[in-house]
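Understanding the architecture of this molecule
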Amino acid sequence: MSVFTPDSLALLLAATLNAGTVLGLAAMGLLINERSGVVNLGAEGLMLVAAIAGFATGVNTGSDTLAFMAGAAAGALLAAVFGVLVIWLNTNQYATGLALSLFGAGLSAFAGIRYTQEKLPERPNFAIPYLSDIPFVGPALFKQHPLVYLAIAFTAALAWFLYRSRAGLILRAVGESPESAHALGYPVRRIRLMAVMGGGALCGLAGAYLSVVYTPLWVEGMVAGKGWIALALTTFATWRPARVLLGAYLFGGVTMLQFQLQGQGIQIPSQWLTMLPYLATIVVLVLISRNPTWIRVNMPASLGKPFHPGS
């Protein structure tokens, strides 16, 4: 019997969209950060804190919407603290981001102790009428949580914002040459802080989606490196929203493939299958690192560099 039947392929595609949404939302948030010139290595910690915030809210209220709002708010709040430290107090962006990641892991583990055995209320099955009944295409594409479709719409909106709007042009200018933007009268620090908070909110939304929809449960350390994969995705996609989403689906597909192969009884050690997403990340980073000029041309010129208005 064939390993991949039409039904199993449809399920794999549906699971790919589900998994890719987590990575896509987080990577989009990091893209906004980096377009403003700020590197945030704390995505893992942001997602963990947002995951427990969203899950706890979902358990206590039964509302996905409130859970997502709580996750986004938790991500934005922690990102604001990070932003104040690196933008106004001029701490090292890389060290502060790593500290945020460690802090988020510890805080989420402590806050989540009482929620490890909790379960979310039953939610309705999501399906688009008529379209979800189409053979193969329906189960693959039209039975997703609404946030999957919102993530796709947001990608298009973000691309328009960055390349077609005045505000997006200003944001990119701040990431390319903050000195020039400051000379033209733009509040560089405030713009960077808003970008960092917006990116943090998206990372928080990704974390809440992970614990409320994708899993759905709370386990300590459940983000399991997805924040780091999202960080790699921004470079892999050369800071372009559409490429970020496509890359997220690629990595999501690799992640889901391991479960598909295990379910089909393929005789491959489970450790090798578990390695697949992380191995794919390393391979992609190695390949794109072979051409540093290509990265340098596409990377925001002031990425990771502090800005001092008085200097």
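Please refer to the structure higher up on the page.
Described in the following lines is the structure provided in the data block. Everything numeric in this text was worked out from a predicted model, so none of it was measured. (Residues numbered from 1 in each chain as written. Predicted model: local features only at pLDDT ≥ 70, side-chain atom pairs only at ≥ 80, totals over all residues. Heavy atoms only, no water.)

Attention now moves to helix 2 (residues 43-61). Structural remark: α-helix, 3.6 residues per turn; residues separated by three or four positions point the same way. If you check helix 2, its first and last C-alpha atoms are 26 Å apart, about what 19 residues at 1.5 Å a residue would give, namely 27 Å. With 16 of 19 residues buried, helix 2 lies mostly within the body of the structure. In the segment just after helix 2, Gly 62 is the residue with positive phi, at about 75°. (Helix = DSSP H or I, 4+ residues; strand = E, 2+ residues; numbered from the N terminus. Expected span 1.5 Å × (residues − 1). Buried < 20%, exposed > 50% of the residue type's maximum accessible area, 1.4 Å probe, protein only.)

Time to look at the nonpolar core. The biggest cluster of nonpolar side chains holds 80 residues, and the ones touching the most others in it are Phe 68, Tyr 209 and Trp 218. The dominant element in this core, judged by the number of residues it contributes, is helix 9 (residues 188-214), at 15 residues. For Tyr 209, the residues in contact, after removing those within four places along its chain, are Asn 18, Thr 21, Val 22, Phe 68, His 145, Leu 147, Val 148 and Tyr 214. (Core = buried A, V, L, I, M, F, W, Y, C linked by side-chain atoms within 4.5 Å. Contact = heavy atoms within 4.5 Å.)

Two elements in contact, helix 2 and helix 3 (residues 64-88), have axes whose closest approach is 7 Å; the angle formed by their N-to-C orientations is 150°. Compared by their axis directions, helix 2 and helix 3 come out roughly antiparallel. Crossing of helix 2 against helix 3: the hand is right-handed. Taking contact as the criterion, the partners of Leu 46, Val 49, Ala 50, Ala 53, Gly 54, Thr 57, Gly 58 and Thr 61 in helix 2 are, on helix 3, Leu 66, Ala 67, Ala 70, Gly 71, Ala 74, Gly 75, Leu 78 and Ala 79. For the contact of helix 2 with helix 3, the per-class residue count stands at ten nonpolar, six polar and no charged. (Axes fitted to C-alpha atoms, helices over the stretch in contact; angles between N-to-C directions. Parallel < 35°, antiparallel > 145°, perpendicular 65-115°, else oblique. Left-handed = near helix turned anticlockwise from the far one by under 90°. Nonpolar A, V, L, I, M, F, W, Y, C, P; charged D, E, K, R; others polar.)

Remember, this is a structural readout, not a statement about activity or role.
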